[in-house]
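# Coordinate inspection notes
Listed here are the chains, written in short residue letters.
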Amino acid sequence: MIELLLVDDEAYVTLSLEKTIPWDELGVSKVYRAESAAEALAIMEAGDIDILVTDIRMPGMDGLQLIEQAKKLWPDLRCILMTGYSDFQYAKKALQLQASDYILKPVDDKEFVRSLMNTIEELKVEWEQAEQYHQLVYNMKSEYGLLRRNLLHDLLLGRQLSDTTIGAKLVQYEIPLRLDAPSVILLIQYSNPYDESNRSSMELMEYAVGNIGEEVFAEHMNVWYGKAPHNCLIFVAQPNEERQRQLEFSPDYKGQRRAMLEQAVDVFRRQISHFLRSEISLIISDWFSFPSGMANAYRTGMSVYLSSAIHESGIAVYLESHQAEPETRVNLMEALYKPPTLIHLLESKQWDTALLKIDEVFGNLEQVKFSREHLYEVFLSITNAFMYTAHKQGQFIYEIDHAGFDMLLDHTVIHSLDKLRNWSTDMLERLRTELSSTEEYAKSSLVKQVQELVSASLGHDTSVKTIADKVFLHPVYLSKIYKAQTGESISDYITRMRMERAHYLLKQTNKKIYEITSELGYQNPQYFSKIFRKHYGMTPQEFRDQ
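The text that follows walks through the structure, step by step, so that each part is easy to find. As the structure is a computational prediction, the values presented were derived from the model and not from experiment.

## Observations regarding the overall build of the protein
Broken down by element type, the protein carries 23 helices and 11 strands. Per-residue burial for the protein yields a buried fraction of 45% across its 546 residues. The contacts in the protein between residues at least 6 apart in sequence include a share of 70% that link residues at least 24 apart. By element, 50% of the accessible surface of the protein is carried by carbon and sulfur atoms, the whole surface being about 28200 Å².

## Considering the pairing of strand 3 (residues 51-55)
Taking burial as the measure, the 5 residues of strand 3 include 5 buried ones, the bulk of the element. Alternating residues of strand 3 divide into I51, V53 and D55 and L52 and T54, and every residue in both groups is buried. In this sheet, strand 3 lies alongside strand 1 (residues 2-7) in parallel orientation, the contact comprising 4 bridges. By the bridge assignment, L5 is partnered in strand 3 with L52. Bridge analysis of strand 3 against strand 4 (residues 78-83) gives 5 bridges, and the strand direction is parallel. Within strand 4, the residue paired with I51 across the bridge is R78. Taking the sense of rotation as the criterion, the β-α-β connection linking strand 3, helix 4 (residues 63-73) and strand 4 turns out right-handed.

## Thoughts on the sheet that holds strand 4
Across the sheet, which stays open at both edges, the 5 strands sit in the order 2-1-3-4-5 with parallel pairing between neighbours. In this open sheet, the two strands that pair with only one neighbour each are strand 2 (28-34) and strand 5 (101-104). In this sheet, adjacent strand axes meet at a mean angle of 20° when their direction is disregarded. As paired strands, strand 4 and strand 5 are joined by 4 bridges and run parallel to one another. Among the inter-strand pairings, T83 is bridged to a residue of strand 5, identified as L104.

## Remarks on the environment of P475
Within the secondary structure, P475 sits in helix 19 (residues 475-486). As a C-alpha pair, P475 and I490 span 15 residues in sequence and 9.9 Å in three-dimensional space. The contacts of P475, once residues within four sequence positions are left out, are V464, K465 and A468.

## Considering empty space enclosed by the protein
All chains considered together, the criterion is met by 1 cavity of 30 Å³ or more. The space that makes up the largest cavity amounts to roughly 70 Å³. Residue lining of the largest cavity: V125, E128, Q129, Y514, T517, S518, Y522, Q523 and P525, and that is the complete set. Of all the elements in the fold, those that place two or more residues in the lining of the largest cavity are helix 6 (109-156) and helix 21 (513-519). Split into classes, the residues belonging to the lining of the largest cavity amount to 4 nonpolar, 4 polar and 1 charged.

## A few points about the pattern of salt bridges
For the coordinates displayed, the defined rule picks out 17 salt bridges. Here D426 makes a salt bridge to R430, at a shortest N to O gap of 3.0 Å. Taken together, the residues span about one helical turn, with D426 and R430 both in helix 17 (residues 417-456) at a distance of 4 residues. R430 sits in the partly exposed class, given a relative accessible area of 34%.

## Comments concerning the nonpolar core
Grouped burial of nonpolar side chains is what soluble globular proteins tend to show. If you look at the biggest cluster of nonpolar residues, it comprises 60 residues, and the most contacted ones within it are I185, W224 and M294. If we ignore the near neighbours within four places in the chain, the residues touching M294 are L152, L155, L156, I185, W224, V236 and F288. Counting 28 residues, the second-largest nonpolar core is a separate cluster that includes I188, M205, L233 and W287.

## Side note on the packing of helix 18 (residues 464-471) against helix 19
Look at helix 18 against helix 19: their axes get within 9 Å of each other, and the N-to-C directions meet at 95°. Of the possible angle classes, the one that applies to helix 18 and helix 19 is roughly perpendicular. For the pair helix 18 and helix 19, contact is made by V464, K465, I467, A468 and V471 and by P475, L478 and S479, respectively. Among the residues making up the contact of helix 18 with helix 19, the classes are represented as 6 nonpolar, 1 polar and 1 charged.

## Brief notes about the environment of L431
Checked against the element boundaries, L431 lands in helix 17. You can call L431 buried: its relative accessible area is 0%. For the pair L431 and W351, spaced 80 residues apart in sequence, the C-alpha separation works out to 9.4 Å.

## Comments concerning the packing of helix 3 (residues 37-46) against helix 4
At a minimum axis separation of 10 Å, helix 3 and helix 4 run at an interaxial angle of 20°. By the angle between their directions, the pair helix 3 and helix 4 is classed as roughly parallel. Here helix 3 runs over helix 4; the crossing is right-handed. Between helix 3, through A37, A40, L41 and M44, and helix 4, the contact on the second element is made entirely by L66, Q69 and A70. Its residues assigned to classes, the contact of helix 3 with helix 4 comprises 6 nonpolar, 1 polar and no charged.

The rules behind these values
- Residues numbered from 1 in each chain as written.
- Predicted model: local features only at pLDDT ≥ 70, side-chain atom pairs only at ≥ 80, totals over all residues.
- Heavy atoms only, no water.
- Helix = DSSP H or I, 4+ residues; strand = E, 2+ residues; numbered from the N terminus.
- Buried < 20%, exposed > 50% of the residue type's maximum accessible area, 1.4 Å probe, protein only.
- Contact = heavy atoms within 4.5 Å.
- Areas by Shrake-Rupley, 256 points an atom, 1.4 Å probe, with all protein chains shown as cover.
- Pairing = 2+ DSSP bridges.
- Right-handed = clockwise from strand over helix to strand, strands pointing away.
- Axes fitted to C-alpha atoms, helices over the stretch in contact; angles between N-to-C directions.
- 1 Å grid on protein atoms, 1.4 Å probe; cavity = no way out; pocket = protein on both sides within 12 Å on 5 of 7 lines; lining within 4 Å.
- Points joined across faces, edges and corners; volume = space filled by probe spheres on them.
- Nonpolar A, V, L, I, M, F, W, Y, C, P; charged D, E, K, R; others polar.
- Salt bridge = Lys/Arg side-chain N within 4 Å of Asp/Glu carboxyl O.
- Core = buried A, V, L, I, M, F, W, Y, C linked by side-chain atoms within 4.5 Å.
- Parallel < 35°, antiparallel > 145°, perpendicular 65-115°, else oblique.
- Left-handed = near helix turned anticlockwise from the far one by under 90°.

Okay, structure coming up:
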């Protein structure tokens, strides 16, 4: 509700207005009166005044000076001037001070009410626009968690994105990491003191672990926290710019960097133990350049994570010190990583070539001495490719194979080379069958999903880009599919839905046109009127009046 202040050194003027104007009908909840500028400023200081109605000619500080002073303190205040002097200079000064209106005394009640109604309507429009903006910001922030997670999964699974795209997403999603900066991945396992069947308690625990980690590492490092594709918790961390400069000037760069990381990890583990009564284990990857080395660091870390029992012992393992067999490893895994990659082959639906790639990998393994860790790495690389391909088509890989997919729950797939090979080729065939048979269905489902999203968000900043972000596709690719399926572009569909909604609101409700404009997500009534005229051949007002 609106609060209003009447100011005039002639008390009968404000008293008369207070008694005769139907304030409740205008939406004014409280009316204050003052007989001087000093008294008015005191009332405004103590209250929450929305509209100031003041006489110009008053002893001491006059009405113009009062408005000037009040607008400095409360810039959003609306002001109406009253005076018995129809002097252009007063009107000119009032305009300079952005007064809402200028009324001559003696005040005519009808003229006063008309002026007040205009001012109140301006206020309401401004409030509604502000509320809409804040709601839009809130909705956008609410979606950031999902958008961050999807980007994290894309990078961990090896999706190739340009530096420009990644840089833009880092800024947009408020992820405090820098391109090409030295980074490290921390894979985290914790003992859960809560009921593991309770999803909310699990999420609470993950949130608490993430919060503590972000606070601990914040002194020297920027971090990005989330849930990894294979269901463990993960931090991507890199020294902040100031700390990185200090490290680069150090004569023992690597030693100082390792000491900084060890200290943060130690504090992190102690904080989790103290506040959450839980023990955590960590695998800390080798250092890599973000984001180019991220997928490889994740794959290597997960291989060690799955192939050892360290997550049961509550310790931290640094892969920087983890001795592997580098030459054997490179030669053994060359077929897995050389172009064209498995992800590329699956993405382009080269199913037979993908099968040959898998056969080559296992053929190499059969000819050399391999370890359980090698099997884990092969499993992770292949599942990464399967997951990425399925997700891109709107499918979830666990829906295709319920039994053998989740290695965090079931390790039987990698008990032998033959089991892993059979599982990989079987999954490839399932994936081929599932995606081939559901491609048209997926496109139809995508169209339905787009239409549902548009219907649910007509009052927001709805665009092809915002819709594409929600269905995790590139806007151009989404537009191409949608138009091929419906014969109509997404932009035209959004406009058509808004116009149909406007048609209904104009005919079936008493809402003002500016209210309908705001409800449909348009910021400018003139622009809304222009679009409506283009669609229906007349303005919204002409349409309502016919």
